[in-house]
Amino acid sequence: PREIQAFVRRGQDLLSSGDVLSARLLLQRGAEARDGRAALLLGTTYDPASLKQLGASGLADIAQARSWYQKAREWGEPGAQRQLEALAVSR
């Protein structure tokens with residue numbers, strides 16, 4: 001659990017600095033361990049709305065975003081449903 005938390009924290013830091021691809025790598029490791037927060041954040045690295053804010057729109061993949069948000073919801077992450085709804089509206 002500590003290692004997963006470290007991946008998530010570092011992934012958030014990388015996202016904040018705009019390094020989406022590196023963030024994806026770390027968050028993927030956390031999400032593969034079935035961590036809901038990691039899956040939610042990983043979804044944002046594919047979400048067109050989130051990427052637009054980061055200036056990285058070319059990296060968007062709605063299907064991947066939806067898939068990770070759904071997993072985050074399954075794993076108990078409270079914000080995942082809101083992200084899924086926002087993704088559906090943005091289409």
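Here, the structure is the one placed above.
Residues numbered from 1 in each chain as written. Predicted model: local features only at pLDDT ≥ 70, side-chain atom pairs only at ≥ 80, totals over all residues. Heavy atoms only, no water.

Colleague: What exactly am I supposed to notice about the overall build of the protein here?
Modeller: On a plain count of helices and strands, the protein comes out with six helices and zero strands. Along its sequence from the N terminus, the protein presents helices and strands in the succession α-α-α-α-α-α. Computed over C-alpha atoms, the radius of gyration of the protein comes to 12 Å, within 12% of the 12 Å expected from 2.2 N^0.38 for 91 residues, which places it in the range of a compact globule. Projected onto its principal axes, the C-alpha positions of the protein cover 35 × 30 × 15 Å. (Helix = DSSP H or I, 4+ residues; strand = E, 2+ residues; numbered from the N terminus. Rg over C-alpha atoms; globule rule 2.2 N^0.38 Å.)

Colleague: I keep staring at unusual backbone geometry and nothing clicks. Help me out?
Modeller: A negative phi angle is the norm for most residues apart from glycine, just as the trans form is the norm for most peptide bonds. If you check the backbone angles, arginine 34 has positive phi at about 65° while not being a glycine. By secondary structure assignment, the location of arginine 34 is in the loop between α2 (20-32) and α3 (36-44).

Colleague: Got a minute to help me understand the side chain of threonine 45 in this structure?
Modeller: Position of threonine 45 relative to the elements: it lies in the loop between α3 and α4 (48-54). Within the structure, the side chain of threonine 45 is placed 2.6 Å from the backbone oxygen of leucine 42, a separation counted as a polar contact. Each residue touching threonine 45, except ones within four places of it in the same chain, is listed here: Leu15, Val20, Arg24, Leu27, Leu51 and Leu59. (Polar contact = N/O pair within 3.5 Å; in protein donor to acceptor, adjacent residues only side chain to side chain. Contact = heavy atoms within 4.5 Å.)

Colleague: What is the right way to look at helix α5 (residues 62-74) in this model?
Modeller: The periodicity of an α-helix, 3.6 residues per turn, causes residues three or four positions apart to be oriented the same way. End to end, α5 covers 18 Å across 13 residues, agreeing with the expected 18 Å (1.5 Å per residue, within 8%). Restricting attention to buried positions, one finds in α5 the residues Ala65, Trp68, Tyr69 and Ala72. Buried residues along α5 cover an arc of 100° about the axis, so they all sit on one side. Elements that come into contact with the buried residues of α5 comprise α2, α3, α4 and α6 (80-90). Sitting at the amino-terminal end of α5 is aspartate 61, which places a side-chain oxygen 3.2 Å from the backbone nitrogen of alanine 63. Where α5 ends, the next residue or the one after it, glycine 76, has phi of about 90°, a positive value. (Expected span 1.5 Å × (residues − 1). Buried < 20%, exposed > 50% of the residue type's maximum accessible area, 1.4 Å probe, protein only. Arc of directions from axis to C-beta.)

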